[in-house]
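Architecture and fold: a report
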Amino acid sequence: MLQEESELSGLFEQDYLELCKKLNVKPLNILKFTQLPPLPTGPLEEETEDGLEALEEEHEELPQELSKSSVMLHASQPVLQAEQKQTYVSRFKYTPTMNIELTENEEEEETYKISLRGYRINTQQIQLLNSTVPACVTLSQLVLWNCGLTGEHFTLLTNLVERSGIRHLTLDQNPLIPEVLYCNLILSEDSAIKNLVLRGNKITDIGCRLLGQALKSNRTLTNLNLFDNKIGFEGAEALAEGLKLNTVLQSLSLAKNNIKDDGVVLLAKALSNIALSAEEVQQRKKLLMEMDKKHELEDDATKKKGRPGRGGSAKATEDKKDPKKQAQNAKPQPTKKQEPPRVQQKTPDDQKNKKDDKKPKDKKSVQNLKGKKGKPEEVKDEQEEVDIVAADPMFEVNGQSYVLGNRSLNSLNLSCNSITEQGVKALLEVVLEQEATADQLPEGLLGIFRIVLQYNPIEQDSQALTQLQGLLNTRNPFFEAEPDALEIGEQENSSELEVPTDGNAE
């Protein structure tokens, strides 16, 4: 680090300029605003490549986009080719400018987002960010778009993220970063990243395999955007395996890759219910019995030591020592004498609501259940037990035992992936299955309710597509039905719901 954090004021702009002056480094131009100026717009026919990327950005924020149809289609346009020459439009024409976005606070301006776009950044500037960003506790978003980042830069960025309150990280259009490094951002159990955007970085199945592995243990990432990469069947398979064990990811974008129908089938299976063999059923029952016995022993041990049992409070212990308070408490409140539930089930929304995007918190606090303190190993074991119980509710259908598959994923973007009727049918099947077992869902989970299928060679009059759209619209809590909203081809602007039927999307 160039300077100790204790020597910094915590005001990003002030610290950055002072450090540049101290090191005799020319600072970047700084542009401050409380609201982004509008991006230049143009006809989609003239900016086809940018048009799809702009569409992706438009639908990146979940609540805003979900008020529309849950299955998104697009008007017939020339199919995008992977080898098509890419052009980037920079708001500042590649001028080395740092954009600082401030909260609209009358009393004091607080920096919450920093963006650097469209020019090659040097290692020294990354080092300056590495020194100043962690000291600013209100800073939660960092955007480095098309900055020529390399593996050396990425190592510094990883250190920056671990020490700061960054929750939303965007590294678009930086293909020089080795793809095997991206998983390090979410691999650690202490990772605080909630929104990771890696568009246009030439990530292949190799990098995707490592990301899928990291998803298995990650407990904080809610949005992963892999738009415009080179992910194929094996990458989709790795992500599907990660989704089977992941319980927090809510939005996944694989738009403009090469998933195809076979990859869609694997992703659909990750969202399906999991059939259990007779041996697996017995193993789960045995595990639950062992957990019950362990909890009973822990409760007995804590009571003997004069401490409250699981779910108790310090006040209960004090009352035991005071005969007057004990007599008062003896006036009965039956609910207080009952044993508390073994484990309180947590949902992804519960964890998300407890995080503050503006101010960083103790990264290990996510793992502390019910405010429980203890050794990291003990907390980890407790978290593993919660995961088992949360995924455990077994149910039977025609004598076959099942457990729920992934139900945390709400939004899946599969536009421009050469998906045909076969892939649509696989998606329809899994949505029907989730709908049929909705009564088994833990409170707070909704399952999949938004799928994007633009720029895929799907027949416009596909019955499976029509059924899928209607079903997802009924599941989507943000969808507001309009007259004929579920009927393809009968909308006021029917051309917006057409699907190209000629050619294959890359």
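Quick caveat, the model's predicted, so the values are computed rather than measured.

1. Topic: the overall build of the chain
The number of helices and strands found in the chain is 17 helices and 14 strands. Within the chain, the proportion of its 506 residues that are buried is 48%. Within the chain, counting contacts between residues at least 6 apart in sequence, those at least 24 apart form 82% of the total. In the structure as shown, the chain presents an accessible area of about 25,900 Å², 49% of it carried by carbon and sulfur atoms.

2. Brief notes about unusual backbone geometry
The phi dihedral of K202 falls on the positive side, at around 60°, and the residue is not glycine. Looking at the secondary structure, you find K202 in the loop between strand 7 (195-197) and helix 7 (205-217). The exposure class assigned to K202 is exposed, which follows from its relative accessible area of 52%. Even without being a glycine, D228 presents a positive backbone phi close to 60°. Position of D228 among the secondary structure elements: in the loop between strand 8 (223-225) and helix 8 (233-245). Judged by its relative accessible area of 11%, D228 falls in the buried class.

3. Quick notes on the sheet that holds strand 10 (residues 274-275)
Strand order in the open sheet formed by 3 strands is 10-12-11, with antiparallel pairing between adjacent strands. Only two strands of the sheet have a single neighbouring strand rather than two, namely strand 10 and strand 11 (395-397). Taken together, the 2 bridges between strand 10 and strand 12 (residues 400-403) define a ladder with antiparallel strand orientation. Bridge pairing in strand 12 places A275 opposite Y402.

4. A short note on the environment of T138
Checked against the element boundaries, T138 lands in the loop between helix 4 (123-132) and strand 5 (141-145). With a relative accessible area of 11%, T138 lands in the buried category. Each C-alpha atom of the pair T138 and G10 lies 8.8 Å from the other, and the pair is 128 residues apart in sequence.

5. With respect to the environment of L249
Turning to its location among the elements, L249 is positioned in the loop between helix 8 and strand 9 (251-253). Along the primary structure L249 and S411 are separated by 162 residues, whereas in three dimensions their C-alpha atoms are 9.4 Å apart. Excluding residues within four positions of it along the chain, L249 makes contact with L215, L221, T222, N223, L224, L243, S408 and L409.

6. What to know about the pattern of salt bridges
Here the idea is simple: oppositely charged side chains can pair when their charged atoms come close. The tally for this structure, following the rule as stated, stands at 7 salt bridges. The partner of E101 in a salt bridge is K113, with the nearest N and O atoms 3.6 Å apart. Pair noted here: E101 is in strand 3 (residues 97-102) and K113 is in strand 4 (residues 111-117), with a separation of 12 residues, a long-range link. We classify E101 as buried; its relative accessible area is 4%. Taking the shortest distance from any N to any O, the salt bridge between R209 and E234 comes out at 3.0 Å. Separated by 25 residues along the polypeptide, R209 in helix 7 and E234 in helix 8 bring together distant segments of the chain. With relative accessibility at 42%, the residue E234 sits in the partly exposed group.

7. Here we look at the nonpolar core
Membership of the largest hydrophobic core comes to 81 residues, with the highest contact counts inside it found for L171, L226 and L453. In terms of residue count, the dominant contributor to this core is helix 16 (residues 421-436) (6 residues). Setting aside residues no more than four positions away along its own chain, L171 makes contact with L144, L149, F154, L157, Y182, L185, V197, L198 and N201.

8. Thoughts on the pairing of strand 3
With respect to burial, strand 3 is a largely interior element, 6 of its 6 residues being buried. Residues T97, N99 and E101 of strand 3 are buried on one face, and the alternating residues M98, I100 and L102, pointing to the opposite face, are buried as well. The pairing of strand 1 (residues 29-33) with strand 3 spans 5 bridges and is parallel. Bridge pairing links N29 to T97 in strand 3. Across 5 bridges, strand 3 lies against strand 4 in antiparallel orientation. Considered in strand 4, the bridge of L102 is made with T111.

9. Considerations on the side chain of N195
In this structure, N195 sits in strand 7. Here N223 takes part through its side chain, which lies 2.5 Å from a polar atom of the side chain of N195.

10. Side note on the confidence of the model for the chain
Looking at the chain, the pLDDT average stands at 74 and 63% of residues meet or exceed 70. Scored below 50 in pLDDT, residues 483-506 shows 67 contacts in the model against residues more than four places distant or in partner chains.

11. Points about the packing of helix 8 against helix 9 (residues 260-270)
For the pair helix 8 and helix 9, the least separation of the axes is 8 Å and the interaxial angle reads 5°. Between helix 8 and helix 9, the crossing angle belongs to the class labelled roughly parallel. Contact residues: F233, A236, E237, L239, A240, L243 and K244 in helix 8; D262, G263, L266, L267 and A270 in helix 9. By residue class, the composition of the contact of helix 8 with helix 9 is 8 nonpolar, 1 polar and 3 charged.

12. Re the packing of helix 1 (residues 12-22) against helix 4
At their nearest, the axes of helix 1 and helix 4 sit 10 Å apart, and the two run at 130° to each other. Relative to helix 4, the element helix 1 is oriented oblique. As for how helix 1 packs across helix 4, the hand of that crossing is right-handed. On the side of helix 1, the interface is formed by F12, D15, Y16, L19 and C20, while helix 4 contributes Q125, L128, L129, S131 and T132. Its residues assigned to classes, the contact of helix 1 with helix 4 comprises 6 nonpolar, 3 polar and 1 charged.

Parameters and conventions
Residues numbered from 1 in each chain as written. Predicted model: local features only at pLDDT ≥ 70, side-chain atom pairs only at ≥ 80, totals over all residues. Heavy atoms only, no water. Helix = DSSP H or I, 4+ residues; strand = E, 2+ residues; numbered from the N terminus. Buried < 20%, exposed > 50% of the residue type's maximum accessible area, 1.4 Å probe, protein only. Contact = heavy atoms within 4.5 Å. Areas by Shrake-Rupley, 256 points an atom, 1.4 Å probe, with all protein chains shown as cover. Pairing = 2+ DSSP bridges. Salt bridge = Lys/Arg side-chain N within 4 Å of Asp/Glu carboxyl O. Core = buried A, V, L, I, M, F, W, Y, C linked by side-chain atoms within 4.5 Å. Polar contact = N/O pair within 3.5 Å; in protein donor to acceptor, adjacent residues only side chain to side chain. pLDDT = per-residue confidence, 0-100. Axes fitted to C-alpha atoms, helices over the stretch in contact; angles between N-to-C directions. Parallel < 35°, antiparallel > 145°, perpendicular 65-115°, else oblique. Nonpolar A, V, L, I, M, F, W, Y, C, P; charged D, E, K, R; others polar. Left-handed = near helix turned anticlockwise from the far one by under 90°.

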